[in-house]
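The lines below spell out each chain.
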Amino acid sequence: MKIISTPLELKRYLKTINKTIGFVPTMGALHEGHISLIKEARKQNELVVVSIFVNPTQFSKDEDLDKYPKKDGADKKICEISGVDILFFPNAKDIYGSDEVSLMAPKVRGFVLEGLTRPSHFNGVLTVVMKLLNIVNPTKVYFGKKDAQQLNLISLMVKQLFMSVEIVAVDTVRESDGLALSSRNIYLSKDERKEALKISSALYLARNLITRNILEVEVIKEQMLNSLQPLEIFYVEILNHDFEIIKKVEVGRSLVLVEVRVGETRLLDNIWL
Ligand code: AMP
């Protein structure tokens, strides 16, 4: 595995190679969720590039940028074992200068759900993903369905800016008890870890109701909100796959999303039904 830390060096190297490229952008502290993206990229492409970059512009001043988990040594080993060809490991100063051009998330879809309480978040996400895609110029790029709003906004960006990369959406990997894997799970104390199970339980509750043909969004949301108590709830929402509001669940075309705070940690999860 080659480790490259500057955009210029990576661009130069990739220019010499005539292969299909699968790209997996991450913020490190890699877990089985990231590994499943890498495995998918490995299956579908001749060359696999993973980036590890904790993007400062998607964190607001009062968020956890400085204490975001760092596991550089373990991450490198995981990438090597998973068959990554190139690990791109830039510094913030390699990616950002001063007085920068940046992207704006769409005014509606970028500022609801997670974007409502983190208003600059998706501007930062879209800007860094655009930069990384321009550096790597991959055939396919891999994102997790767990970050459903991020996936939706990046898909919009690729479509609306007429970009030619193909986006591959990968299913959420969970612990055996249902908790979705997240780099932030390491912040959870033992008790908080137990409380966090309310998130997947609420999603499974929604799935059970829908299986029993209870399809009214308001009815399902109310039961989910009750089951999540006493956690601080940012949102419980049921939308169609295009992130539009619906009144009744249409099986095969709906998405149930939850974001809560457990202790100090924001956790989000969803299921596609
Ligand atoms: P992050 O390092 O948190 O920015 O995540 C990098 C990529 O991994 C994103 O596309 C995430 O959606 C994806 N990802 C994170 N957690 C999971 C998970 N539990 N299952 C599948 N993909 C995930």
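Residues numbered from 1 in each chain as written. Predicted model: local features only at pLDDT ≥ 70, side-chain atom pairs only at ≥ 80, totals over all residues. Heavy atoms only, no water.

Q: Help me get a handle on the site of the ligand, residues and values and all.
A: In the region of the ligand, 17 residues are neighbours, and Met 27, His 34, Asp 147, Val 173 and Leu 181 sit closest. Contact distances for the ligand include 2.9 Å between an oxygen atom and a backbone N or O atom of Met 27. The backbone of Gly 144 places a nitrogen or oxygen atom 2.9 Å from an oxygen atom of the ligand. Computed on the free molecule, the ligand has an accessible area of 490 Å², of which 92% lies beneath the protein chains in the complex. Broken down by secondary-structure element, the contributors of at least two residues to the shell around the ligand are β2 (21–26), α2 (32–44) and β5 (140–144). Looking at which element gives the most residues to the shell around the ligand, the answer is α2, with three residues. (Near = heavy atom within 4 Å. Polar contact = N/O pair within 3.5 Å; in protein donor to acceptor, adjacent residues only side chain to side chain. Areas by Shrake-Rupley, 256 points an atom, 1.4 Å probe, with all protein chains shown as cover. Helix = DSSP H or I, 4+ residues; strand = E, 2+ residues; numbered from the N terminus.)

Q: So what's going on with helix α8 (residues 190–211)? Residues and values would help.
A: In a regular helix each residue adds 1.5 Å, so 22 residues correspond to 32 Å; α8 covers 32 Å between its end C-alpha atoms and thus fits that length. Inspection of α8 places Ala 196, Ile 199, Ser 200, Ala 202, Leu 203, Ala 206, Leu 209 and Ile 210 among the buried residues, and these make up the whole buried set. Packed against the buried residues of α8 are α9 (217–228), β8 (254–262) and β9 (265–272). Looking one or two residues beyond α8, the residue adopting positive phi is Asn 213, at roughly 70°. (Expected span 1.5 Å × (residues − 1). Buried < 20%, exposed > 50% of the residue type's maximum accessible area, 1.4 Å probe, protein only. Contact = heavy atoms within 4.5 Å.)

Q: Could you give me a rundown of the sheet that holds strand β4 (residues 86–88), with the residues and numbers involved?
A: In spatial order, the strands read β1-β4-β3-β2-β5-β6; together these six strands make up an open sheet with parallel pairing. Looking at the sheet topology across the chains shown, the edges are occupied by β1 (2–4) and β6 (166–170). Averaged over all pairs of adjacent strands, the angle between their axes in this sheet comes to 25°, without regard to strand direction. As paired strands, β5 and β6 are joined by five bridges and run parallel to one another. Bridged to Phe 143 within β6 is Ala 169. (Pairing = 2+ DSSP bridges. Axes fitted to C-alpha atoms, helices over the stretch in contact; angles between N-to-C directions.)

Q: Can you break down the packing of α8 against α9 residue by residue, with the values?
A: Here α8 crosses α9 at 155°, and the two axes come no closer than 9 Å. Classified by the angle between their axes, α8 and α9 sit roughly antiparallel to one another. In the packing of α8 onto α9, the handedness of the crossing is right-handed. Facing α8, whose interface residues are Lys 198, Ile 199, Ala 202, Leu 203, Leu 205, Ala 206, Leu 209 and Ile 210, α9 presents Ile 220, Gln 223, Met 224, Ser 227 and Leu 228. By residue class, the composition of the contact of α8 with α9 is 10 nonpolar, two polar and one charged. (Parallel < 35°, antiparallel > 145°, perpendicular 65-115°, else oblique. Left-handed = near helix turned anticlockwise from the far one by under 90°. Nonpolar A, V, L, I, M, F, W, Y, C, P; charged D, E, K, R; others polar.)

Q: Can you explain the sheet that holds strand β7 (residues 232–240)? Please cite residues and give values.
A: Taken together, the three strands give an open sheet; going across it, the order is β7-β8-β9, and neighbouring strands pair in antiparallel fashion. One side of each edge strand has no neighbouring strand; the edge strands of this open sheet are β7 and β9. Sheet twist, expressed as the mean angle between neighbouring strand axes with direction ignored, is 10°.

Q: Can you lay out the side chain of Asn 152 for me, pointing to particular residues and giving the numbers?
A: Here Asn 152 lies in helix α7 (residues 148–160). On the accessibility criterion, Asn 152 (12% relative accessible area) is buried. Apart from the residues lying within four places of it in its own chain, the contact partners of Asn 152 are Arg 109, His 241, Asp 242 and Phe 243.

Q: Quick one: what's the story with the side chain of Ser 82, residue by residue and with numbers?
A: Examined against the element boundaries, Ser 82 turns out to sit in the loop between α3 (72–81) and β4. Since its relative accessible area comes to 15%, Ser 82 is described here as buried. At a separation of 2.6 Å, a polar atom in the side chain of Ser 82 contacts the main-chain carbonyl oxygen of Ile 78. Excluding anything up to four places from it in sequence, Ser 82 contacts Ile 35, Ile 38 and Arg 42.

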